[in-house]
Amino acid sequence: MILQQGLPLLYQHFTALFKKNLLLSWRNKRSTCLQLFSSFFFILVIFCIEEAMKASEASSSAYKNVTDPTLLFSLPILPCEDKFFVKLPCYDFVWSGNNSRRVTDIVSAILTIRGDQFRPTRLGSYSVQSFKAPEEVDAWFMSHALQVPGALHFVERNATIISYGVQTNSSSEKKRGRIEDPTFKFLVPLQIAAEREIARSLIGDPKFGWDFGFKEFARPAIIAEVISALKVMGPIFFLAFSMFGFVLQLGSLVTEKELKLRQAMTMMGVFDTAYWLSWLTWEGLLTFVSSLFLVLFGMMFQFDFFLKNSFFVVFLLFLLFQFNMISLAFVLSSFISKSSSATTVGFLVFLIGFITQIVSATGFPYSNAYPASRRVIWSLFPPNTFSAGLKLLLDATSTPASSGISWSERAVCEGGMSTCVLSIDIIYQWQVGTFLFWFVLAIYFDNIIPNASGVRKPIFYFLTPGYWTGKGGNKVEEGSIFSCIGSVPPVEHVAPEDQDVLEEETLVKQQAMDGIVDPNIAVQIHGLAKTYPGTTKLGCCKCTKTSPFHAVKGLWMNIAKDQLFCLLGPNGAGKTTSISSLTGINPITGGDAFIYGDSVRSSVGMSNIRKMIGVCPQFDILWDALSSEEHLHLFASIKGLPPASINSTAEKLLADVKLTGAAKVRAGSYSGGMKRRLSVAIALIGDPKLTTGMDPITKRDVWDIIQESKKGRAIILTTHSMEEADILSDRIGIMAKGRLRCIGTSIRLKSRFGAGFVATVSFTESKKDYRNAAGDSHEPVKRFFNEHLKVEPADENKTFMTFVIPHDKEKLLTGFFEELESRKSEFGISDIQLGLATLEEVFLNIARRAELESATVEGTMVTLDLESGISIEIPVGARFVGIPDTENAENPSGIMVEVYWQQDGSGSMCITGHSSEMRVPQNVQVTRPPSPNALGHKGLRQAVRGIVIDL
């Protein structure tokens, strides 16, 4: 099949990724609608606040023409609770001059006129307080702030003269749009009451009085700047509106990185250019629609900001600002590894934007008072230029007479060209510039920040000529940009102990030296090595150092076409690292690997390799919102299949993996088995010549698919299921501690590394009794095996016996089983079966030996508790262990136990038990340490070092 290349392939990648983004947004309707229509909610809230402000100020005549002012008559003294801001308990007024009988009568008359308006309080008969002199009143004010609206001060000069004074706070108060003028609300009523009662007292007529009224001048309406809700709340609401798209975009990018979806597309060969352009185009489209809706909603609610300013001026300001937020989200996505952090980061950006908006409202730094360098730095943060643009447009519509800014006036400065440094046109230029700045920075950070595999490009990768020519520009490094990577120590070559591994290595080396290209070899690995270098991470308070780690230590082998090669090994053996190196996820430290003649070290070779391989990861990497059909269409387009063949290829693959009936069902509702089959189908897109990383878990269905897929390609399978490896593989390689420990067919490995042959003898139900004196009916069979092969039953019951026969007895088996077959009726045997040990036993044996090798070098010990109460420290992986202080004249070699090992959930070797104590074979020579008694150790449990006498 001829795959797409060049610009047609780039366009195909772009369209496939754009369709993916469209489908994901369509399936997540709630978030998409929130991003598009949240502007309506914010505009509605601002409208409601605006209407509330208008309603609260409707009684004010400040902004109305007053031609015939209303006459206001004198009002009674109001209760203190009517004051806007007062502390309880409060007083209606306080007065001084209580040392005068006449003054006391005047105040009593004032209180009598008030009538029931005065309410008794717990501080006195009425809500007033009296003092002797004004100085006492002032002192009381200092300790009783906000508890009284005013005070009256009386002084009786003589029989015909009584002077008075009124004391109030002249500051006006505003509450919920209403203004409280203390002069007319409190001072004038106190003044009228005091003058009236003084006059009555002097004249002697208690009914004497007069009418008092006042009114304002006739005047035109006050033309002043209208403080609207849009001007006060608009900037912060518009910033909050943009945060929806920002957080959703940031979350989508980080989710694809967190779930390794981006890595899966990269392994398929997706172009980074197509990836970023697809996101930019889709988010740009959403931004265009949401900005358009915002302006239309603002016009619908009749805000002058949207009606008087040019439609295109306002629309372009919001559009460019949201584009800036998109590019900022691209940058931040490189630093965030968890999608759950996107909301937190969005809130922090909003909070910083809110603070900078407050600072920008003071004029900083867009005036001649500040240097241009500050304006440049300040304008790099998108909310700052957006806030400055909003201020210009709001100021242009701040009064009813304002006409706004038209498109032709966008370059006109508010204060004149000689004084101002900012206009709408300059804002646009800043927004375009900062968008390009953040977008380029996002691509740069995407390359130099370590990805999910910890791989990144050099900091100055763009300065290398190979980056621009496409030859050698894909060199990558590992570790954080904030860490100092030490030198990578070379891997010490150790000759393989296993003969088969040595022969494989010798064959590959010879082919490499002779330049032989075997057409039947799909993958040829030449000394593949991977070392993670030691680093020094610079933290806030300390430096953290890590030592170099050799993950793969020189791997040499061939993988043939039309075969399935199974790569086994415990956790940390180097399997995943080897696969990652072959697929280009991780750079290799040493050696090389050739896949159908292309080197994984070459950027051009890796580009060719990605076109011919399929990868089925260990864990399913799928979008929950996409169906299996949509997954296959997407990855087929990325793979470069011709558009005309994509549908037919997808249908065939769905039929092969038995997912045709669920082709249009979203993958999120699939079972684990269905997801695994879909992952296998994705790996087989484009008829790849090599399929790597396969780790099937759905047994028979996937096994059948893999068996059929071997034709015409090589498959590398990694699995933890020995049954799968035994059934599916043509050859098996087992790695441990970074090295290949054995290689060959399943039968070959079982015969070389298993415990031996397993013989199962089944018995018939017979009336003939073979019991011996001890009552054992199968004693003759036991004696027969012991006399000829020196073995005892590993398992037995009334119907069968199982014997494990060592490999060194292989030459005796032919004659032994011929004789046993001839005596079947004598022994009451119905059936005899002979087989090899299981692959699981081989795997554990190899893993145990590797652990023992490592423990011997590193001194890693574990404690073995014996039934006798002794605790022996033994190396990890030791099988036969000698017990100190057990030598005697009858048994000079001492006693030993066989230790049983198993892997735990993390892949580490752990002790599961041990055999009963037995004699050490006479042909084994051991050296023993000093006995525990000689070292002074006493007690029931003694910690001593055991002696490994056989591996």
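Residues numbered from 1 in each chain as written. Predicted model: local features only at pLDDT ≥ 70, side-chain atom pairs only at ≥ 80, totals over all residues. Heavy atoms only, no water.

Here's the deal with the overall build of the chain
Thinking step 1. When its secondary structure is counted, the chain shows 28 helices and 35 strands.
Thinking step 2. Burial statistics for the chain: of 951 residues in total, 47% are counted as buried.
Thinking step 3. Considering only contacts within the chain whose residues lie at least 6 apart along the sequence, 70% involve residues at least 24 apart. (Helix = DSSP H or I, 4+ residues; strand = E, 2+ residues; numbered from the N terminus. Buried < 20%, exposed > 50% of the residue type's maximum accessible area, 1.4 Å probe, protein only. Contact = heavy atoms within 4.5 Å.)

Quick notes on the pattern of salt bridges
Thinking step 1. Throughout the structure, instances matching the rule amount to 33 salt bridges.
Thinking step 2. Salt-bridge contacts for Asp446 lead to Arg262; the nearest nitrogen and oxygen are separated by 2.9 Å. One end of the pair, Asp446, is in helix α14 (residues 424-448); the other, Arg262, is in helix α7 (residues 261-267), with 184 residues separating them in the sequence.
Thinking step 3. Overall, Arg262 belongs to the buried group, its relative accessible area being 15%.
Thinking step 4. Residues Asp656 and Lys652 are paired through a salt bridge, measuring 3.1 Å at the closest nitrogen-oxygen approach. (Salt bridge = Lys/Arg side-chain N within 4 Å of Asp/Glu carboxyl O.)

Looking at unusual backbone geometry
Thinking step 1. Residue Pro89 is reached from Leu88 by a cis peptide bond, and omega for that bond is 0 degrees.
Thinking step 2. Turning to its location among the elements, Pro89 is positioned in the loop between β1 (72-73) and β2 (93-96).
Thinking step 3. Cis geometry is adopted by the peptide bond preceding Pro365, which originates at Phe364 and carries an omega value of -10 degrees.
Thinking step 4. Tracing the sequence through the fold places Pro365 in the loop between α11 (341-360) and α12 (372-379).

Observations concerning the sheet that holds strand β25 (residues 793-796)
Within a sheet, each strand pairs with its neighbour through backbone hydrogen bonds, oriented either parallel or antiparallel.
Thinking step 1. With antiparallel pairing, the four strands of this open sheet are ordered in space as β25-β26-β24-β27. Of all strands in the sheet, those bounded by a partner on one side alone are β25 and β27 (829-836). Strand-to-strand, the axes of this sheet are offset by a mean angle of 15 degrees, without reference to chain direction.
Thinking step 2. By the bridge criterion, three bridges tie β25 to strand β26 (residues 800-805) in an arrangement that is antiparallel. The residue of β26 that forms the bridge with Pro793 is Phe803.
Thinking step 3. Along the sheet, helix α25 (residues 779-789) makes contact with β24 (757-763), β25, β26 and β27, crossing β26 at roughly 10 degrees. (Pairing = 2+ DSSP bridges. Axes fitted to C-alpha atoms, helices over the stretch in contact; angles between N-to-C directions.)

Let's talk about the UniProt feature "transmembrane region" (unreviewed entry) in the chain
Thinking step 1. Here, the residues flagged by UniProt with the feature "transmembrane region" (unreviewed entry) are residues 236-254, 274-299, 311-336 and 342-366.
Thinking step 2. The straight-line gap between the two end C-alpha atoms of residues 236-254 is 26 Å; of that span, 100% is helix and 0% is strand.
Thinking step 3. Across residues 311-336, helical content stands at 88% and strand content at 0%; the span's end C-alpha atoms are separated by 37 Å. (UniProt positions renumbered as here; feature names shortened; annotations may be inferred.)

Let's talk about the side chain of Arg262
Thinking step 1. Within polar-contact distance, the side chain of Arg262 engages the side chain of Asp272 at 3.4 Å.
Thinking step 2. When neighbours within four sequence positions are excluded, Arg262 is seen to be in contact with Glu256, Asp272, Tyr275, Trp276 and Asp446. (Polar contact = N/O pair within 3.5 Å; in protein donor to acceptor, adjacent residues only side chain to side chain.)

Regarding the sheet that holds strand β12 (residues 521-532)
Thinking step 1. Spatially, four strands are ordered β15-β12-β17-β18 in an open sheet, and the strand pairing comes out antiparallel. Each having just a single partner strand, β15 (549-560) and β18 (598-599) make up the two edges of the open sheet.
Thinking step 2. With nine bridges joining them, β12 and β15 adopt antiparallel strand pairing. Residue Ala529 lies in a different strand from β15, and its bridge partner there is Lys553.

A word on the state of the cysteines
Thinking step 1. The tally for this structure, following the rule as stated, stands at one disulfide.
Thinking step 2. Between the sulfur atoms of Cys80 and its disulfide mate Cys90 the distance is 1.9 Å. Negative torsions about the S-S bond denote left-handed disulfides, and the value of about 60 degrees found for Cys80 with Cys90 makes this one right-handed. You can see Cys80 sitting in the loop between β1 and β2 and its partner Cys90 sitting in the loop between β1 and β2, a full ten residues away along the chain. Taken as a pair, Cys80 and Cys90 share a single burial class, namely buried. (Disulfide = S-S within 2.5 Å.)

Brief notes about the packing of aromatic side chains
Thinking step 1. Overall, the coordinates contain 41 aromatic pairs when judged by the stated rule.
Thinking step 2. A ring pair is formed by Phe40 and Phe297, whose centres lie 5.2 Å apart and whose planes are at 75 degrees; its orientation type is edge-to-face. Highlighted residues: Phe40 in helix α2 (residues 29-56) and Phe297 in helix α8 (residues 272-300), separated in sequence by 257 residues.
Thinking step 3. A cation sits over an aromatic face here: Lys509 above Trp556, 5.1 Å from the ring centre.
Thinking step 4. The side chain of Lys530 reaches across the aromatic face of Tyr532, ending 5.0 Å from its centre. (Phe/Tyr/Trp six-rings, centres within 6.5 Å; stacked < 30°, edge-to-face > 60°. Lys NZ or Arg CZ within 6 Å of the ring centre and 35° of its normal.)

Regarding the packing of helix α6 (residues 229-258) against α11
Thinking step 1. Across the interface, α6 lies against α11 with an axial gap of 9 Å and an inter-helix angle of 155 degrees. In this view, α6 runs roughly antiparallel relative to α11, as classed from their interaxial angle. Classified by chirality, the crossing of α11 by α6 is right-handed. From α6, Pro235, Ile236, Leu239, Ala240, Met243, Phe246, Val247, Leu250 and Gly251 reach across to α11, where they touch Ala342, Thr343, Val345, Gly346, Val349, Phe350, Gly353, Phe354 and Gln357.
Thinking step 2. When its residues are assigned to classes, the contact of α6 with α11 shows 13 nonpolar, five polar and no charged. (Parallel < 35°, antiparallel > 145°, perpendicular 65-115°, else oblique. Left-handed = near helix turned anticlockwise from the far one by under 90°. Nonpolar A, V, L, I, M, F, W, Y, C, P; charged D, E, K, R; others polar.)

Considering the nonpolar core
Thinking step 1. Ranked by internal contacts, the top residues of the largest apolar core, which has 135 residues, are Phe306 and Phe318.
Thinking step 2. When near neighbours in sequence (up to four residues on either side) are disregarded, Phe306 contacts Ile43, Leu230, Phe238, Leu294, Val295, Gly298, Met299, Val314 and Phe318.
Thinking step 3. Listed in part, the 32 residues of the second largest apolar core include Leu528, Ala573, Leu582 and Leu690. (Core = buried A, V, L, I, M, F, W, Y, C linked by side-chain atoms within 4.5 Å.)

Some points on helix α21 (residues 672-683)
Thinking step 1. Taking 1.5 Å of rise per residue, twelve residues should cover 16 Å, and α21 covers 17 Å from first to last C-alpha, within 8% of that figure.
Thinking step 2. When you tally the buried positions in α21, you get nine out of twelve residues, the bulk of the element.
Thinking step 3. When α21 is considered as a whole, its buried residues turn out to be Gly673, Arg676, Arg677, Leu678, Ser679, Val680, Ala681, Ile682 and Ala683. (Expected span 1.5 Å × (residues − 1).)

Side note on helix α26 (residues 813-822)
Thinking step 1. Among the residues of α26, those classed as buried are Leu813, Phe816, Phe817 and Leu820. Within α26, the buried residues cover an arc of 90 degrees as seen down the axis, which keeps them to one side. Turned more than 90 degrees from where α26 packs its buried face, Thr814, Glu818 and Ser822 sit exposed.
Thinking step 2. Check the buried side of α26 and you find it contacts β24, α25, β26, α27 (824-827) and β27. (Arc of directions from axis to C-beta.)

Here's the deal with the pairing of strand β16 (residues 564-568)
A regular strand places its side chains on the two faces of the sheet in alternate fashion.
Thinking step 1. Most of β16 is tucked away, with five of its five residues classed as buried.
Thinking step 2. The alternating pattern of β16 places Leu564, Cys566 and Leu568 and Phe565 and Leu567 on opposite faces, both of which are buried.
Thinking step 3. Across four bridges, the pairing between β16 and strand β21 (residues 714-718) is parallel. Counterpart to Leu567 in the pairing with β21 is Thr718.
Thinking step 4. The pairing of β16 with strand β22 (residues 731-736) spans four bridges and is parallel. Looking at β22, one finds that Leu568 is bridged to Ile734.

Quick look at the environment of Thr385
Thinking step 1. Locating Thr385 in the fold gives a position in helix α13 (residues 382-395).
Thinking step 2. Judged by its relative accessible area of 1%, Thr385 is buried.
Thinking step 3. Taking the C-alpha atoms as reference points, Thr385 and Ile426, separated by 41 residues in sequence, lie 9.5 Å from one another.
Thinking step 4. Those residues in contact with Thr385 that lie beyond four places of it in its chain are Tyr366, Ser379, Ile427, Trp430 and Gln431.
Thinking step 5. Engagement of the side chain of Thr385 in a polar contact is seen with the backbone oxygen of Pro382, the distance being 3.1 Å.

Structural notes on the confidence of the model for the chain
Thinking step 1. When pLDDT is averaged along the chain, the result is 83; 86% of the residues meet or exceed 70.
Thinking step 2. Highest mean pLDDT in the chain belongs to helix α10 (residues 311-333) (96); lowest belongs to strand β34 (residues 943-945) (39).
Thinking step 3. Note on residues 767-775: pLDDT under 50 across the span, and ten contacts to partners over four residues away in sequence or across chains.
Thinking step 4. In the predicted structure, residues 924-930 sits below a pLDDT of 50 and forms 15 contacts with residues beyond four places in sequence or in another chain. (pLDDT = per-residue confidence, 0-100.)

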